[in-house]
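# Examining the three-dimensional arrangement
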Amino acid sequence: LCGNRECGKSFGDFEIESDMTLAYRVSDVSFEAEGNKIIRHVSLSVKPGERVAILGASGAGKTTLLRLLAAQIKPNTGEIFLYGENTSDLDSGEKLSRYVGVINQQYDLIQELSVRNNVMAGNLGRWGMWRSMLSLLSTIDSDIGTRALERVGLSDKTHQRLSRLSGGEQQRVAVARLIVQDPLLIIADEPVASLDPTRAFEVMSLLHNITSPTDKTLISALHSYDLTTHFFERVIGLRRGEVSFDIPVKELSKDDLEKLYSVDQDD
């Protein structure tokens with residue numbers, strides 16, 4: 001990866017030529033749905049390689065903000081630039097898959113497929129339809145999937161049906177899929193919300209380990225103070241769709257959290 005330099009990155013049959021000095025530049029972004037204002041005038045920037053936690057009560061707008069950053073939805077007002085490109089001009093496909101990988105608490109895996117096939121789905125963004133279909137029937141690029149499963153400690157589960165795995169194991173499969181996808185940036189929407197503390201720490205360790213040595217950017221919505229202070233260097237507090245604070249993790253106090261979670265919020 002190019003890290004903090006300006007460069008082009010090969011992906012599939014084309015080069016990405018973008019401004020690599022900022023992963024995100026978010027300018028006065030608002031979003032509403034069915035008359036409800038969910039995100040209100042949010043502005044922020046994220047540098048390549050940063051690890052940013054987003055905290056806030058349920059209904060604060062965390063998931064909506066992450067969906068905006070992942071270009072899954074478009075802002076009603078304001079602009080979001082992803083490595084210099086306006087996300088309003090980016091549709092799902094190869095280029096967006098090269099930029100952003102998403103993981104959340106629902107896993108987004110196919111229960112009836114094998115572990116291997118779920119992991120190899122990380123290549124769907126860079127492959128055409130026919131090659132993607134062929135990968136389900138053959139061992140095409142299987143060494144990529146094998147190495148990814150080794151990194152998450154599931155090399156012995158390769159041919160098992162996904163539905164036979166525990167919740168923690170399935171989340172590790174989702175992380176292995178991200179390793180295969182190899183995006184510049186990972187967005188994680190409460191990726192450990194359904195896991196016990198031990199499994200949650202393991203999954204966050206995996207996400208940390210696949211981002212920190214490669215200058216990949218990690219942005220995650222969380223509720224845990226301990227995970228935030230252990231794995232992240234910057235924290236954004238979101239309250240009623242607005243940025244309440246944006247500070248280095250070392251400055252985060254329990255008082256900040258009490259204020260952030262003190263009032264029930266409607267989203």
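The residue numbering used here restarts from 1 in each chain and proceeds along that chain's sequence as written. This being a predicted model, a pLDDT of at least 70 is required before a residue's local features are given, and a value of 80 or more before pairs of side-chain atoms are given or counted; all residues contribute to the totals for chains, interfaces and linings. By convention in this description, side-chain values take in all heavy atoms of the structure and omit both hydrogens and water.

## A look at helix H1 (residues 62-69)
Working note: α-helix, 3.6 residues per turn, so residues spaced by three or four point in the same direction. The cut-off we apply is this: A 1.4 Å probe rolled over the protein chains alone gives each residue an accessible area, and that area as a share of the maximum for its type sets the label: buried under 20%, exposed over 50%, partly exposed in between. Under the DSSP-based scheme used, a helix requires at least four consecutive residues in state H or I and a strand at least two consecutive residues in state E, with every element numbered from the N terminus.
Among the 8 residues that make up H1, 6 are buried, leaving the element largely enclosed by the rest of the structure. Within H1, the full set of buried residues consists of Lys62, Thr64, Leu65, Leu66, Leu68 and Leu69. Two residues or fewer after H1 comes alanine 71, characterised by a positive phi angle close to 60°.

## What about the packing of aromatic side chains?
We count it as follows: Side-chain rings of Phe, Tyr and Trp (the six-membered ring for Trp) are treated as a pair once their centres are within 6.5 Å; stacked means planes under 30 degrees apart, edge-to-face means over 60, and tilted covers the remaining angles. In this scheme, the term charge over a ring applies when either NZ of a lysine or CZ of an arginine sits within 6 Å of the ring centre and within 35 degrees of the ring normal.
Applying the stated rule across the entire model yields 2 aromatic pairs. The interplanar angle of 15° and the centroid separation of 5.6 Å between the aromatic rings of tyrosine 83 and tyrosine 99 together place this pair among those described as stacked. Note that tyrosine 83 is positioned in the loop between strand E6 (77-82) and strand E7 (85-86) and tyrosine 99 in helix H2 (residues 94-99), a separation of 16 residues in sequence. With centroids separated by 5.1 Å and ring planes inclined at 55°, the aromatic side chains of phenylalanine 201 and phenylalanine 231 adopt a geometry described as tilted. Remark: phenylalanine 231 occurs in helix H8 (residues 225-231) and phenylalanine 201 occurs in helix H7 (residues 197-211); sequence separation between them is 30 residues. The class of phenylalanine 231 is buried, set by a relative accessible area of 6%. Seen from the ring of tyrosine 225, lysine 254 lies directly overhead, with NZ or CZ sitting 4.8 Å from the centre.

## Considering the environment of arginine 147
Locating arginine 147 in the fold gives a position in helix H5 (residues 142-151). When its relative accessible area of 47% is taken as the criterion, arginine 147 is described as partly exposed. A sequence separation of 33 residues divides arginine 147 from valine 180, and the C-alpha atoms of the two residues are 8.9 Å apart.

## Focus: helix H6 (residues 167-181)
Quick note on the threshold: Given a helix with a known number of residues, its expected span is that number minus one, times 1.5 Å.
Across its 15 residues, H6 extends 21 Å between first and last C-alpha, which sits within 8% of the 21 Å expected from 1.5 Å per residue. Here H6 lies mainly inside the structure; 14 of its 15 residues are buried. Immediately downstream of H6, the backbone of aspartate 182 shows phi near 55°, a positive value.

## Regarding the environment of leucine 252
Selection criterion: Contacts are assigned to residue pairs that have any heavy atoms within 4.5 Å of one another.
Tracing the backbone through its elements, the reader meets leucine 252 in the loop between strand E12 (242-248) and helix H9 (254-260). Residue leucine 252 is classed as buried on the basis of its relative accessible area of 5%. Spatially, the C-alpha atom of leucine 252 lies 9.1 Å from that of tyrosine 225, the residues being 27 residues apart in sequence. Excluding anything up to four places from it in sequence, leucine 252 contacts Leu55, Tyr225, Thr228, Thr229, Val235, Phe245, Ile247 and Leu257.

## As for the pattern of salt bridges
Defined as follows: For this document, the term salt bridge refers to a Lys or Arg side-chain nitrogen within 4 Å of an Asp or Glu carboxyl oxygen.
The final tally for this structure, using the stated rule, is 10 salt bridges. Note that aspartate 182 and lysine 216 form a salt bridge whose closest N and O atoms lie 2.5 Å from each other. Here the residue aspartate 182 occupies a position in the loop between H6 and strand E9 (185-189), and lysine 216 occupies one in the loop between H7 and strand E10 (217-222), the gap between them amounting to 34 residues. Among the ionic contacts, a cluster of salt bridges with common partners joins Glu50, Arg234 and Asp246.

## Things to note about the sheet that holds strand E11 (residues 234-239)
Using the following cut-off: Note: two strands are recorded as paired if DSSP finds a minimum of 2 bridges between them. All axes are obtained by fitting lines to C-alpha atoms, using only the stretch in contact for helices, and the reported angles, taken between N-to-C directions, cover 0 to 180 degrees.
With respect to topology, 6 strands assemble into an open sheet ordered E8-E9-E10-E5-E11-E12, the strand pairing being mixed. Of all the strands in the sheet, the pair left with one neighbour each is strand E8 (100-104) and E12. Each adjacent strand pair in this sheet contributes to an overall mean axis angle of 15°, direction not counted. Across the sheet, H6 touches E8 and E9, and the angle it forms with E8 is around 180°.

## Focus on the environment of serine 88
Following the sequence through the fold, serine 88 ends up in the loop between E7 and H2. Separated by 13 residues in the primary sequence, serine 88 and proline 75 place their C-alpha atoms 7.9 Å from one another. If we ignore the near neighbours within four places in the chain, the residues touching serine 88 are Lys74 and Pro75.

## Side note on unusual backbone geometry
Of note, the phi angle at alanine 71 is positive, near 60°, even though the residue is not glycine. With relative accessibility at 9%, the residue alanine 71 sits in the buried group. Despite not being glycine, glutamate 190 shows a phi value in the positive range, around 45°.

## Some details on the confidence of the model for the protein
Convention followed: The quantity called pLDDT is the predictor's confidence in a given residue, expressed from 0 to 100.
Averaged over the protein, the pLDDT score is 85; the fraction of residues at 70 or greater is 83%. When pLDDT is averaged over each helix and strand of the protein, the minimum, 41, is found for strand E1 (residues 7-11) and the maximum, 97, for strand E5 (residues 51-55). Here residues 1-16 is a poorly scored stretch, pLDDT under 50, and it has 42 contacts once near neighbours within four places are set aside; other chains count.

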